[in-house]
Structures are given as structure tokens and as C-alpha cells.
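Residues per chain are reported as follows:
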Amino acid sequence: MTTITTPTRQPTPPVPEGRRHMLVRRWLTAITIVLLVGIPAGYLVISAEQSRASGRDKEAESSATGLRDKWPSLMKRRVFEVPIPEGSWRVGYYETSNWKTSRLYVQFRTTSDGLDAFLKDVGTSRAALQDGKVTIGDRDSEVVGWNFGLKNRAWAGTTHPNKDPRPTQDITVDLTEPAKPWVYVVSTATP
């Protein structure tokens, strides 16, 4: 019996890496590391700055002791159901909260059409406004410094009640200048 032997192949020695190939491989490795580390690190830096800015805004809002000369956030306007009409100016707001009730105090100046749109969006109308009536109480007006005791003003007001947990709005309007009325709202929510 004869044995057939196959010649064994000797492994070929590795080809030394060329300089160009080595540089390309190192560049690709460096780019991969930068992308894997740099992008998440940049994201963390941006997130931290946004979080810090948000904390500063919340701190400023919670330490406010009167009306802030700016629009309340869209979320606040939705929660308290105070739809300030587009084009309003001299907008200010203040929010108070405790375990029992939350209130959003809002004032703004608008046009005659803006007042009608606001009242409609709240769920009432100009016909519900009672001439000479101020529906915002002394306690609430003192909180934000509103003075409804001014003489020669054409006050009109209404209260728009809602079933809990929806807020109730006390609305007082200064119609002294009918084309540019001032609107004062105290929206009270009881959780």
C-alpha cells in the first residue's frame, strides 16, 4: 500500500504594511474615535447648558413677586385656559400655587376684535360683561398691584365658571378706550 502524501503548504509570510496603507488606517481610527467620543460629549455639553438655563428661568419665575412683563408659556395658557389673542401687547403674568389652589394672573391690551376673540375662546361673549362690575377681588388685585378703584374708568366684568378640574376665570375689562381695551384675568384652578 502506498501512501499518498500531499505537500503541505507553508504559510506565506505577512506582507509588510505599506506606509500609505498605515496612514489611511490611522486616520480612519482617529476619525472613528473622535466620532464615538466627540458627538456624545458635545451632546452632553449642550444638554447641560440647556438644563442650566431652564433652571435659571424657573428660579427667576418662582422668585418673582409681581407681574412679569412677558407672555406666559403656551402650556400655562392652556392649563389655565387663558387664550391671549395674537397681536396683544403690554402682556404680563404672575402665577401662584399652593396645595389647595393655583392662580394665573394675566393682563394684556388688545383690540376690540381681539377682546371678542378672547371672550369667545374662553367660552363667553361681550354680552356677558356687566357694565360697572369688577369681578376680580381686592385680595387678588393686591397680589399683582392692580387698582380697580380708579375713577372715570369704564369697567366691565364677568366670571366664567367651569367644573373642576377646569379653571374658573374672573375677567375684568377696562373699556375706557373701546378700540384698545385692557383685559385683566385671574384664572383659578383647584386640583
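Use the structure listed above.
Calculation rules
- Residues numbered from 1 in each chain as written.
- Predicted model: local features only at pLDDT ≥ 70, side-chain atom pairs only at ≥ 80, totals over all residues.
- Heavy atoms only, no water.
- Pairing = 2+ DSSP bridges.
- Helix = DSSP H or I, 4+ residues; strand = E, 2+ residues; numbered from the N terminus.
- Contact = heavy atoms within 4.5 Å.
- Axes fitted to C-alpha atoms, helices over the stretch in contact; angles between N-to-C directions.
- Salt bridge = Lys/Arg side-chain N within 4 Å of Asp/Glu carboxyl O.
- Buried < 20%, exposed > 50% of the residue type's maximum accessible area, 1.4 Å probe, protein only.

## Remarks on the sheet that holds strand β1 (residues 89-97)
Strand order in the open sheet formed by 6 strands is β1-β2-β6-β5-β4-β3, with antiparallel pairing between adjacent strands. Among the strands making up the open sheet, the edge pair consists of β1 and β3 (130-131). Relative to strand β5 (residues 168-174), strand β4 (residues 155-160) runs antiparallel, the two being bridged by 6 bridges. For T159, the partnering residue across the bridge sits in β5 and is D170. Helix α3 (residues 112-122) rests against β2 (102-109), β4, β5 and β6 (182-189) of the sheet, and its axis sits at about 165 degrees to β5.

## A few points about the pattern of salt bridges
Close approach of charged atoms allows side chains with opposite charge to pair. In this structure the tally under the stated criterion is 8 salt bridges. In this structure, E177 engages K180 in a salt bridge whose closest nitrogen and oxygen atoms are separated by 3.8 Å. What makes E177 partly exposed here is its relative accessible area of 38%. For K180, a relative accessible area of 37% gives the class partly exposed. Taken together, the shared-partner salt bridges connect R103, R139 and D140 into one network.

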